[in-house]
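# Summary of the model geometry
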Amino acid sequence: MKHLSLQAPAKVNYLLDVIRRRTDGYHDLRMIMQRVNLCDEISIILQDKPDLNVTCGRQGVPDGPGNIAWKAARTMLDLAETGKGAAISITKKIPVAAGLGGGSSDAASVLMGMNELLGLHLSDEQLMQIGVKLGADVPFFIFKNTALAEGIGEQLRTMPTMPPAWVVLINPGVHVSTAWVYRSLQLTNEKKLAKLPKFFDDVNSVCGIFSNDLEEVTIPAFPVIGEIKNKMLELGASGAMMSGSGPTVFGLFSDKDKAEKAQQALSDNSGWFSAVVETL
Ligand code: ATP
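Residues numbered from 1 in each chain as written. Predicted model: local features only at pLDDT ≥ 70, side-chain atom pairs only at ≥ 80, totals over all residues. Heavy atoms only, no water.

- The name an unreviewed UniProt entry gives the protein is 4-diphosphocytidyl-2-C-methyl-D-erythritol kinase, with Pelotalea chapellei as the organism.
- Per its UniProt entry, the protein bears the Catalytic activity (unreviewed entry) comment "4-CDP-2-C-methyl-D-erythritol + ATP = 4-CDP-2-C-methyl-D-erythritol 2-phosphate + ADP + H(+)".
- Turning to the protein, the UniProt annotation filed under Pathway (unreviewed entry) states: "Isoprenoid biosynthesis; isopentenyl diphosphate biosynthesis via DXP pathway; isopentenyl diphosphate from 1-deoxy-D-xylulose 5-phosphate: step 3/6." (UniProt positions renumbered as here; feature names shortened; annotations may be inferred.)

Shown next as structure tokens:
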């Protein structure tokens, strides 16, 4: 019986510019995406019977065909045409619907894992093409490097090397619908994109690029997001911002001690998810 254990990391957005609405319902974006070592744990067992089972056991995340990891596995099993099936279990460590890309990362890991288990030998480029059909952020998790992502997120380029940093994640647990955020965004015709630096010499210079257009919608509706950002800066973060469409706020620190103290101060509120993680 062939078996694989995988770690599917979360991401934060250092930059999220919404450029325009497209006729297909997506938006053209410019994002800088960074992986962090907060990981879902995934186990895949390849089996001779054709059944495909995905179990997660986390509220708000479907088991079976509704799970993006199931769709990823189904695609790979169909491509392989071996008649085999798989039993996949996902232990969620990444908060769900949080702007941290957990579902997309699970799907990317399953594509890469099934590629190996089934001996398909697809290239990363091919896996990314399959991945974008499952979700716009899936290719980034196959690409792995810190990326400048354009288009709907699928056109990826490696960013200049960035110094490693400690990342404090705080999720206040308010429900923010991604579809509602994009729908509510007022887009101007002539969006001016800030010029990006060619190199980054310290954590402060990384924070110099922080910008997320979606905060215009989420902060007025959920002031707690702005409050966490301010508190994070007061507690010594070099920069703080909402990730994706939220509601998770992250702060970047060059100093581990400061990061841990900030997490402690911010996690006094019961029910909030918090973690100190590192950039990957
Ligand atoms: P992004 O940052 O890419 O916008 P997100 O972190 O906001 O993503 P996810 O945690 O990926 O959001 O989940 C969004 C929705 O997808 C959830 O409401 C959940 O029901 C569904 N979903 C399906 N499969 C998964 C999975 N494996 N993990 C998490 N959510 C999943």
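And the narrative resumes.
### Here's the deal with the layout of surface pockets
- One number sums up the size of the largest pocket: a volume of about 990 Å³.
- If you go around the largest pocket, you meet 40 residues; those closest to its centre are Gly-101, Gly-103, Ser-104, Asp-137 and Thr-178.
- Elements represented by at least two residues in the lining of the largest pocket include exactly strand E1 (2–21), strand E2 (27–47), helix H2 (102–117) and helix H5 (178–184).
- Tallied by class, the residues present in the lining of the largest pocket amount to 18 nonpolar, 18 polar and 4 charged. (1 Å grid on protein atoms, 1.4 Å probe; cavity = no way out; pocket = protein on both sides within 12 Å on 5 of 7 lines; lining within 4 Å. Points joined across faces, edges and corners; volume = space filled by probe spheres on them. Helix = DSSP H or I, 4+ residues; strand = E, 2+ residues; numbered from the N terminus. Nonpolar A, V, L, I, M, F, W, Y, C, P; charged D, E, K, R; others polar.)

### Topic: the environment of Phe-210
- Mapping Phe-210 onto the fold places it in the loop between helix H6 (203–207) and strand E8 (211–212).
- Its relative accessible area of 15% is what places Phe-210 among the buried residues.
- Taking the C-alpha atoms as reference points, Phe-210 and Tyr-14, 196 residues apart in sequence, are found 5.2 Å from one another.
- When residues no more than four places from it in sequence are discounted, the contact partners of Phe-210 are Tyr-14, Gly-239, Ala-240, Met-241, Phe-250 and Leu-252. (Buried < 20%, exposed > 50% of the residue type's maximum accessible area, 1.4 Å probe, protein only. Contact = heavy atoms within 4.5 Å.)

### Topic: the sheet that holds strand E7 (residues 166–171)
- A sheet is described by the order of its strands in space; here 4 strands give the open sequence E9-E10-E7-E11, paired in antiparallel fashion. The open sheet has two edge strands with one neighbour each: strand E9 (239–242) and strand E11 (273–278). Direction aside, the axes of adjacent strands within the sheet are offset by 20° on average.
- Relative to E11, E7 is paired through 6 bridges, and the arrangement is antiparallel. What sits directly across from Val-168, in E11, is Val-276. (Pairing = 2+ DSSP bridges. Axes fitted to C-alpha atoms, helices over the stretch in contact; angles between N-to-C directions.)

### Concerning the site of the ligand
- The full set close to the ligand counts 19 residues, and Gly-60, Asn-67, Lys-92, Ala-97 and Gly-103 are the nearest of them.
- A distance of 3.1 Å separates a nitrogen atom of the ligand from a polar atom in the backbone of Ile-68.
- Contacts to the ligand include Asp-106, whose side-chain N or O atom sits 3.0 Å from a nitrogen atom.
- Relative to its unbound accessible surface of 610 Å², the ligand loses 77% to contact with the protein. (Near = heavy atom within 4 Å. Polar contact = N/O pair within 3.5 Å; in protein donor to acceptor, adjacent residues only side chain to side chain. Areas by Shrake-Rupley, 256 points an atom, 1.4 Å probe, with all protein chains shown as cover.)

### Structural notes on the domain arrangement of the protein
- On domain assignment, one finds that the protein holds domain 1 (2–157) and domain 2 (166–278).
- Between the C-alpha centres of domain 1 and domain 2 there is a distance of 23 Å.
- Contacts between the two partners involve 26 residues from domain 1, matched on the other side by 31 residues from domain 2.
- Taking both partners together, domain 1 and domain 2 bury about 2,400 Å²; carbon and sulfur atoms supply 62% of that area. (Domains from an automatic or database assignment. Buried area = accessible area lost by both parts, 1.4 Å probe.)

### Overview of the pairing of strand E3 (residues 52–55)
- Burial of the side chains of E3 is restricted to one face: Leu-52 and Val-54 are buried, whereas none of Asn-53 and Thr-55 on the reverse face is.
- Bridging between E3 and strand E4 (residues 85–91) involves 4 bridges; their strand directions are parallel. When the sheet's bridge partners are listed, Val-54 is paired in E4 with Ile-88.
- Handedness of the crossover joining E3 and E4 through helix H1 (residues 68–80) is recorded here as left-handed. (Right-handed = clockwise from strand over helix to strand, strands pointing away.)

### Structural notes on the pattern of salt bridges
- Counting across every chain of the model gives 12 salt bridges.
- A salt bridge links Arg-157 to Glu-150; the nearest nitrogen and oxygen atoms lie 2.6 Å apart.
- Relative accessible area serves as the criterion here: at 23%, Glu-150 is assigned to the partly exposed category. (Salt bridge = Lys/Arg side-chain N within 4 Å of Asp/Glu carboxyl O.)

### Structural notes on the packing of aromatic side chains
- As enumerated under the stated definition, the model contains 5 aromatic pairs in all.
- With 5.0 Å between their ring centres and 65° between their planes, Phe-140 and Phe-141 make a pair best called edge-to-face. Accessibility assignment for this pair places Phe-140 and Phe-141 in one class, buried.
- Ring pairing ties together the aromatic residues Tyr-14, Phe-210 and Phe-250, which thus form one cluster. (Phe/Tyr/Trp six-rings, centres within 6.5 Å; stacked < 30°, edge-to-face > 60°.)

### Here we look at the environment of Leu-169
- Within the fold, Leu-169 resides in strand E7.
- Judged by relative accessible area, Leu-169 falls into the buried class, the value being 0%.
- As a C-alpha pair, Leu-169 and Ala-240 span 71 residues in sequence and 9.8 Å in three-dimensional space.

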